[in-house]
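Inside the fold
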Amino acid sequence: MMSQEQNDLITRTGPKAPAGKLMRMYWQPAALVDELQGERPIRPVRLLGENFVLFRDEAGRYGLLDRDCPHRGADLAFGRLEDGGLRCAFHGWLFDVDGKCLETPAEPADSKLCAGIRQRSYPVVEKSGILWAYLGEGTPPAFPEIDCFTAPGSHTFAFKGMMNCNWLQALEVGIDPAHASFLHRFFHDEDPSASYGKQFRAASAGSDLPMTRILREYDRPIINVEKTEYGLRLIALRQIDEERTHVRVTNQLFPHAFVIPMSAEMTITQWHVPIDDENCYWYAIFTSFSTPVDKQKMRDQRLELYALPDYVSRRNKSNDYGFDPHEQATETYTGMGLDINVHDQWAVESMGAIQDRTREHLGQSDKAIIQYRRLLRQEIEKAASGGGTPLLVLDEAHARSIQGPATMDGIGPTAGWEIYWMEVDVKRRRGAPWAAPVPAEIAAQVPHLTAAQ
């Protein structure tokens, strides 16, 4: 358990909060590129407890401005896109993507007022289907050369979904290897060949065993947590028998993302981005190491659950997440359908808007969560005190050294799994149709392929 003060420290991300200062040192997902398609590419954005307007001007440049017009505070999200910028609908003041005031048309023709007006603006870049914003001070950090940013657009797909809870409990479900054996338990297995686009439904690498069966029948994983240069590596081991062990390797990417295997050929990199302290979005980039991503199929699958324009789940607290007691008795552990996003949403939203960690009791299966919270407090203190550069705040030179990270879900030898999972990851990278880098720490230990061949 922790004190209320400690809980506030690691959950609150507003402009004046210590964790908010840390979060503003990183690029944050602000919207999907898809959200600014169409005739009127303007979107209101609430991010880290602040209100902005995101737009694409007539020249194709992206801008992010404070949402309240500096004239008299009217909402710029209802503005007009014209004449090289965003024009307030109240009195016609016009701003470009950098926040420069271009016109104050209601003022006298010789007025100099416009020259002294500037709306706060923030850098925006497009990367792998997501528009990223930097809300901090000074020069933005470089992006690490991780797989989802290195792969070509044909081999990535981005999506998002809203959760009505604090960002931290949403993140922590993704660094909890034990919960999948319960929360995502299916009592019947599907044909893994029909699993495209679905998490936990494929077969584990090196076998024909469905992941659903492995998670269901082996529910006491041994969990190892390792510190890395990007955050944490999690290795969950489920021993099948004396000769075979199921190995699942995932990663916590600091500060608020994780990287997990979706199948033998695809990974998910997912950020948990505070809208404010009581709501968040997950943003995911799916990366394929084999064939191009079927973006239409992936999008259609997810739009069965998420409603536009705000990507809100159709199964939610208002309808008990679709809970069916008969299904719970016969089909799934939760009784909430087959989409694991609903399971996760129920779990983290049921904790309350901000989980009260003064009442929790952690066990050995929570060791990754314990280590992550320790790391988070350490980096919050570093940002608050100016006593060093927080983890993964990178310059261009160091950004190139952060690659991968390696992931794997497969069945290997009980004796020798430590090298086996690396060999599987390296083999997948070497066979990719794009230049998938082999992380240096892995390449040094797997100079050749053996068990994975």
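Residues numbered from 1 in each chain as written. Predicted model: local features only at pLDDT ≥ 70, side-chain atom pairs only at ≥ 80, totals over all residues. Heavy atoms only, no water.

Our next topic: the sheet that holds strand β3 (residues 50-56). In spatial order, the strands read β2-β3-β4-β9; together these 4 strands make up an open sheet with antiparallel pairing. A single partner strand is all that each edge strand has here, and the edge strands are β2 (42-47) and β9 (121-122). Examined bridge by bridge, β3 and strand β4 (residues 62-66) share 5 bridges and lie antiparallel to one another. Within the sheet, the bridge partner assigned to Phe55 lies in β4 and is Gly63. (Pairing = 2+ DSSP bridges. Helix = DSSP H or I, 4+ residues; strand = E, 2+ residues; numbered from the N terminus.)

Moving on: helix α1 (residues 4-11). Turning to α1, its buried residues are Asn7, Ile10 and Thr11. Angular distribution of buried residues about the axis of α1 spans 95°; they occupy a single face of the element. The inward-facing, buried residues of α1 abut α4 (167-172) and α9 (367-385). (Buried < 20%, exposed > 50% of the residue type's maximum accessible area, 1.4 Å probe, protein only. Arc of directions from axis to C-beta. Contact = heavy atoms within 4.5 Å.)

A few words on the state of the cysteines. Counting across every chain of the model gives 0 disulfides. Here Cys88 stays free of any disulfide, with the sulfur of Cys69 as its closest cysteine sulfur at 3.9 Å. When its relative accessible area of 4% is taken as the criterion, Cys88 is described as buried. With no disulfide partner, Cys148 has as its closest neighbouring cysteine sulfur the one in Cys280, 18 Å distant. (Disulfide = S-S within 2.5 Å.)

Our next topic: the packing of aromatic side chains. Counted according to the given criterion, the structure contains 19 aromatic pairs. Ring plane angle 55° and centroid distance 5.8 Å describe the contact between Trp27 and Tyr134, whose orientation is recorded as tilted. Remark: Tyr134 occurs in strand β11 (residues 130-134) and Trp27 occurs in strand β1 (residues 27-32); sequence separation between them is 107 residues. Taking the centre distance of 6.2 Å and the plane angle of 50° together, the rings of Phe254 and Tyr372 count as tilted. Of this pair, Phe254 sits in the loop between β16 (244-253) and β17 (257-261) while Tyr372 is found in helix α9, placing the two residues 118 residues apart along the sequence. Both residues of the pair, Phe254 and Tyr372, count as buried. A connected cluster of aromatic rings, assembled from ring pairs, spans Trp27, Trp132, Tyr134, Phe143, Phe149 and Trp271. Lying over the aromatic face of Tyr281, Lys160 brings its terminal NZ or CZ to 4.0 Å of the ring centre. (Phe/Tyr/Trp six-rings, centres within 6.5 Å; stacked < 30°, edge-to-face > 60°. Lys NZ or Arg CZ within 6 Å of the ring centre and 35° of its normal.)

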